[in-house]
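Chain by chain, the residues run as shown.
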Amino acid sequence: MIKRERVIATEEAFAVADVEAERGRTGSAPRALLAELLDVGEGRLATMDAAGVDVQVLSLASPGVQDLDDDPAVALAAVANDRLAAAIAAHPTRFAGLAAVAPQVPDAAATELERAVRKLGLNGVLINSHTRGEYLDDARYWPILQAAEALNVPLYLHPRDPGSTLAGPALNVPGFRVGWGFTVETGTHALRLISAGVFDRFPRLQIVLGHLGEALPFLIHRLDERFSFERKANPKIRAKRFPSEYLRENFHYTTSGMNTAAPVQAVIELVGLERLMFAVDYPFEDQRAAVDGLRRMPLTDVARRTIMETNALRVFGFRH
Ligand code: MN
């Protein structure tokens, strides 16, 4: 019997008690599913085994430390990364991880990213979209982007509630806070990076977007067409190339929360099989449903393995 592909899930959340305590101190609402998030040991492994998930790429649950004051945010990012490295060391064939950083102190964030990759062996960095209503296209944050490019690790741009500069009553549609609000927030962030010329400045930088790219792949031709028209008259546009070129060369996409065949096949056609990876979004989404969803899709065995295993090994630079 041919062994099935190894299933690597790439957007899987965990929590750290010290971070939760600081969030509580600053008045954050208690987190749903906290027990599941805090468990990076046997309980979590049992749920992975039951669902057929071999490896989780772990990241600190949104919004990470990005809502905390500067000093605790910097300190707790390091605490979270140490906790993550310890969990991976205890189960090196089952976990990999993305570093948390405090973008509100950009130089410290870049330094922590370097420590997390070089000293702790983490596989990239995850940032939960805006920090205090600011986006990474602001040059003040570019030391973080420069570090990610220099270290050759991806930056997972993960959703959160829309920032104060974007959100208004109209975007707060009852029932669609996550399904649409997070998508608009995070897709807008990605387009800001493109427009500002981030990928002309950092051409090897790789961004990972969940939820099949926060709808951007589906808009790729319209984005190109309108961009080429607006570029003629708007000197604020710094990007030198077409949006589609960045979306195909500087971005990867994961399937988190998107377990049906039609949009997955569209993303393969629009941006390429080599750009797509499997993700669940545990514990907020069901692992079994995600694995079964991928298994049921009319994909070739090679395509399925590329999405569930091969691309993640390459993009996140696994050593095991
Ligand atoms: Mn998520």
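Summarised in this report is the structure supplied together with it. (Residues numbered from 1 in each chain as written. Predicted model: local features only at pLDDT ≥ 70, side-chain atom pairs only at ≥ 80, totals over all residues. Heavy atoms only, no water.)

### Some remarks on the nonpolar core
Note that soluble globular proteins tend to have their nonpolar side chains buried in a common cluster. One finds V65, L113, V198, F199, I207, F251 and F278 to be the most contacted residues of the largest nonpolar core, which totals 82 residues. At seven residues, helix α4 (residues 70-90) tops the list of elements feeding residues into this core. Setting aside residues no more than four positions away along its own chain, L113 makes contact with A99, V101, G124, V125, I144, A147, A148, L151 and V153. (Core = buried A, V, L, I, M, F, W, Y, C linked by side-chain atoms within 4.5 Å. Buried < 20%, exposed > 50% of the residue type's maximum accessible area, 1.4 Å probe, protein only. Helix = DSSP H or I, 4+ residues; strand = E, 2+ residues; numbered from the N terminus. Contact = heavy atoms within 4.5 Å.)

### Brief notes about empty space enclosed by the protein
By the definition in use, this model includes two cavities of 30 Å³ or more. Approximately 50 Å³ is the volume attributed to the largest cavity. Every residue lining the largest cavity is listed: L60, G64, V65, Q66, A99, A100, V101, L126 and N128. Here the lining of the largest cavity is composed, by residue class, of six nonpolar, three polar and no charged. Approximately 30 Å³ is the volume found for the second largest cavity. Lining of the second largest cavity is provided by V74, A77, A102, A108, A109 and E112. At the level of secondary structure, the elements contributing two or more residues to the lining of the second largest cavity comprise α4 and α5 (106-118). (1 Å grid on protein atoms, 1.4 Å probe; cavity = no way out; pocket = protein on both sides within 12 Å on 5 of 7 lines; lining within 4 Å. Points joined across faces, edges and corners; volume = space filled by probe spheres on them. Nonpolar A, V, L, I, M, F, W, Y, C, P; charged D, E, K, R; others polar.)

### A look at a nonpolar patch on the surface
Residues V173, F176 and W180 make up a contiguous nonpolar surface patch of roughly 300 Å² in combined accessible area. Secondary-structure assignment places F176 in the loop between β5 (155-158) and α7 (177-195). Judged by relative accessible area, which is 47%, F176 ranks as partly exposed. (Patch = residues over 30% accessible without salt bridge, like charges linked within 9 Å, V, L, I, M, F, W, Y side chains within 5 Å. Areas by Shrake-Rupley, 256 points an atom, 1.4 Å probe, with all protein chains shown as cover. Salt bridge = Lys/Arg side-chain N within 4 Å of Asp/Glu carboxyl O.)

### Quick look at the coordination of the manganese ion
Looking at the manganese ion, the protein donor atoms are E11 (OE), H158 (NE2) and D281 (OD), and they sit 2.0 to 2.2 Å from it. Here E11 falls in the buried class, since its relative accessible area comes to 1%. (Donors = N, O, S within 2.8 Å, 3.2 Å for Na, K, Ca; no water.)

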